[in-house]
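# Working through the structure, step by step
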Amino acid sequence: NAGERLAFQAKIKFESSGATAVCNPYTWGSDRCSDFFMYTYTQGIRHYRRVAWIASDDPVDGWYEIAGVYTLNEDQANAEFAKVYFDGAVANLDVIVDDVEVKKIPQTCQELTLNPSFEESTAFWSFIDRGYSKVSLYSPGAGGESDFALRSYDRGSSEWRGIRQQLDNRCFVVGAEYKISAKFRLLNPSTGEGETCDTNVQYNSGERTQCPSVVVYGWQCEGDDVYWRFWNQIPGFDWDKDSFNDFENSFMVTDQLASCKSVHVYVHQVNRNWDIVMDDMKISAAGTDAPTYAPTLFPTETGVITTPKPTVPPTSMPTVATVTDCPGDTTGPMEVAAGPIMLAKSNSLCILTKAVVDANGAMSSIAPVARSYDGQAWEKSAGEFATMLLYGQEFGDYTSGSQITLPELDGGSKYFLTSYSYSLSEENTVARMLETATFGTTLSDLENWVQGTTFVDWVDDQIKKPITSHREFFRQRVNPRFAHSLPIGRSDHACKGQSRWRKFTFAKTDGELWWKEQWFEAKFNDGDKYITIKLNGHVRTVVESIAFKNPEYILEFNKKYKMRRRPREYVDGDFDLYMDDGSYQSLVNPPVTFYTDSIQ
């Protein structure tokens, strides 16, 4: 069917005069390798598509691995004729193929990436642009000496170069949530040693020190392409250049991403002079499987007799004759069975929930499904669980109640109806109205409310009041701290009202900048009570003591040290200084503190 994905795999070998020959998978030139093609013919329409190619230049006994994923369009899915073939290698080479496979990939939205851990294969992962970067297996992987990871190298032409894989765009349904997890290293291509990136930088910095990010890249989307870049969100994350570093983030599918014809995961935008090493790259569903675009038949695909939809006004002839009433508000939950059910409208508040019940009758994992109140028709509860469970279904509204078909539940879960009664004082009723109609209820609003005033009278009185500007009020009282100097939206003097202050001494902009050197100095002379901390000759704070974290290095007073990378923006966060021996050493970011007897 159109939209289904096929996996193409094969082993391919090249010979010249009976001897094993090599090809170059990274070029379009004369020494290029063969690619895997699919040809289809449908009512006079011919499609020729490259569906797989060699991604890694590491043949085993002369055999290259060729793999790829392709999504069928309507013409290809209904083809009268289809064939696969290999083409592209220079004509004087003999091409030998083995283990040719074309398989339908099941739609499994719990895990979106194929071959996430690179178990002896680079299959389904590829360089971003042929001829501009390369990929290969790398060992050891995150699991140790017997494990493999994927390495992107020879990226010198552009930071855009890296690794990619096409994802199943059928899984990108509005509201679906996914978690990204991976493990990364950065290597110096000349020495093979680890490189250190700056976890403070979450953009393409001038120094090109940003750590790896993961991109979800959607093509041919409504409005424009989607390019979502995700940075590591593990709290307290610090980069270890000598081992694999965990990466985590998550996202929710929007209307625009769900509209994309093709979605890929990219790993790139890292210093082009570094190699990217990646392992255990997964994009996993955060909850249950995303629903299909159209509802499936219930309970089976055969023997289902559909009934016409009810008319818009309530009718007296529902398809389920028996009406299930909600229990009293003092009787506790009442179990109801899955399947077609007619629920009576509740004059109080009645909620249909899902719950797991243990052997002792205790309920857990309770989730709301639907509700009825004040004699109104039943409606779905807000939230992802109810939306997914009743996807494609709506309550039928009848005189006697509301009808729906409840799906079967897994894991010992059951449906329950529970009634609740409540009453509100006049003060609480007014508070609820004000919370809805204003920017927030205050105690004075409630105390000044005149008894007997109707909500209509209050609204009419509000309309007659002179217009005020919430934007003006907001801008007079709110001013965020800016990391960079900007002429708009901030106080023009530190002592003015509404100015903002920070507690830590050094900000990110005080660190190493590619266009400007910055110099730290700790001033202290005999007889001084405090150590004066300066940056570029300007006093920043005073401290009673300061020292490198590494006790093997002594901080020399009255000596200028060049700042390295960007300080951590909190008190006791790290900042680094370059040393004379070429190393760099860390100190803690001190608080901004001055005393009556210190330098001001």
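Please read these numbers as outputs of a predicted model, since none were measured by experiment.

### Let's talk about the packing of aromatic side chains
The geometry of an aromatic ring pair is captured by the separation of the ring centres together with the interplanar angle, meaning the angle of the planes. This structure, assessed with the given rule, holds 30 aromatic pairs. Centroid distance F8 to F36: 5.5 Å. Interplanar angle 75 degrees. Geometry classified as edge-to-face. You can see F8 sitting in strand 1 (residues 5-16) and its partner F36 sitting in strand 3 (residues 35-42), a full 28 residues away along the chain. A centroid spacing of 6.2 Å and a plane angle of 65 degrees characterise the contact between W160 and Y266, whose relative ring orientation is edge-to-face. Of this pair, W160 sits in the loop between strand 10 (149-153) and strand 11 (163-167) while Y266 sits in strand 16 (residues 262-267); the two residues are 106 residues apart in sequence, bridging distant segments of the chain. Site record: aromatic cluster; members linked through ring pairs are W160, Y217, W219, Y227 and Y266. Here the guanidinium or amino end of K83 rests over the ring plane of Y39, the centre of that ring lying 5.4 Å away. In this structure, R130 packs its charged tip against the face of W28, placed 4.2 Å from the ring centre.

### Points about the state of the cysteines
Evaluated as defined, the whole model comprises five disulfides. Residue C109 pairs covalently with C171 via a disulfide, S to S 2.0 Å. The chirality of the disulfide connecting C109 with C171 is left-handed, given an S-S dihedral of about -80 degrees. Residue C109 is found in the loop between strand 7 (94-105) and strand 8 (126-127), and its partner C171 is found in the loop between strand 11 and strand 12 (177-187); the two are separated by 62 residues along the sequence. Neither residue differs from the other here; C109 and C171 are each classed as buried.

### Things to note about the sheet that holds strand 24 (residues 396-397)
Strand order in the open sheet formed by four strands is 18-20-25-24, and the pairing between neighbours is mixed. Looking at strand neighbours, the two that pair on one side only are strand 18 (323-324) and strand 24, the edges of this open sheet. When strand 24 meets strand 25 (residues 402-406), the two strands line up antiparallel, connected through two bridges. Counterpart to D397 in the pairing with strand 25 is S402.

### Details of the environment of V69
Note on placement: V69 falls in strand 5 (residues 64-71). A relative accessible area of 14% places V69 in the buried class. Through-space distance from the C-alpha of V69 to that of L6 is 5.7 Å; in sequence the pair is 63 residues apart. Not counting residues up to four positions away in its chain, the partners in contact with V69 are R5, L6, V51, I105, L114, F124 and Q166.

### Focus: a nonpolar patch on the surface
Together, V84, V95, V97, V100 and V102 give the surface a local cluster of nonpolar side chains, amounting to about 330 Å² of exposed area. Of all the elements, strand 7 adds the most residues to the nonpolar patch, at four residues. Relative to the assigned elements, V84 resides in strand 6 (residues 81-87).

### Side note on the confidence of the model for the chain
Here the chain shows a mean pLDDT of 86. Residues at 70 or above account for 91%. Note on residues 296-307: pLDDT under 50 across the span, and six contacts to partners over four residues away in sequence or across chains. In this model residues 311-317 is a low-confidence stretch, pLDDT under 50, and it forms seven contacts with partners more than four residues away in sequence or in other chains.

What counts as what
- Residues numbered from 1 in each chain as written.
- Predicted model: local features only at pLDDT ≥ 70, side-chain atom pairs only at ≥ 80, totals over all residues.
- Heavy atoms only, no water.
- Phe/Tyr/Trp six-rings, centres within 6.5 Å; stacked < 30°, edge-to-face > 60°.
- Helix = DSSP H or I, 4+ residues; strand = E, 2+ residues; numbered from the N terminus.
- Lys NZ or Arg CZ within 6 Å of the ring centre and 35° of its normal.
- Disulfide = S-S within 2.5 Å.
- Buried < 20%, exposed > 50% of the residue type's maximum accessible area, 1.4 Å probe, protein only.
- Pairing = 2+ DSSP bridges.
- Contact = heavy atoms within 4.5 Å.
- Patch = residues over 30% accessible without salt bridge, like charges linked within 9 Å, V, L, I, M, F, W, Y side chains within 5 Å.
- Areas by Shrake-Rupley, 256 points an atom, 1.4 Å probe, with all protein chains shown as cover.
- Salt bridge = Lys/Arg side-chain N within 4 Å of Asp/Glu carboxyl O.
- pLDDT = per-residue confidence, 0-100.

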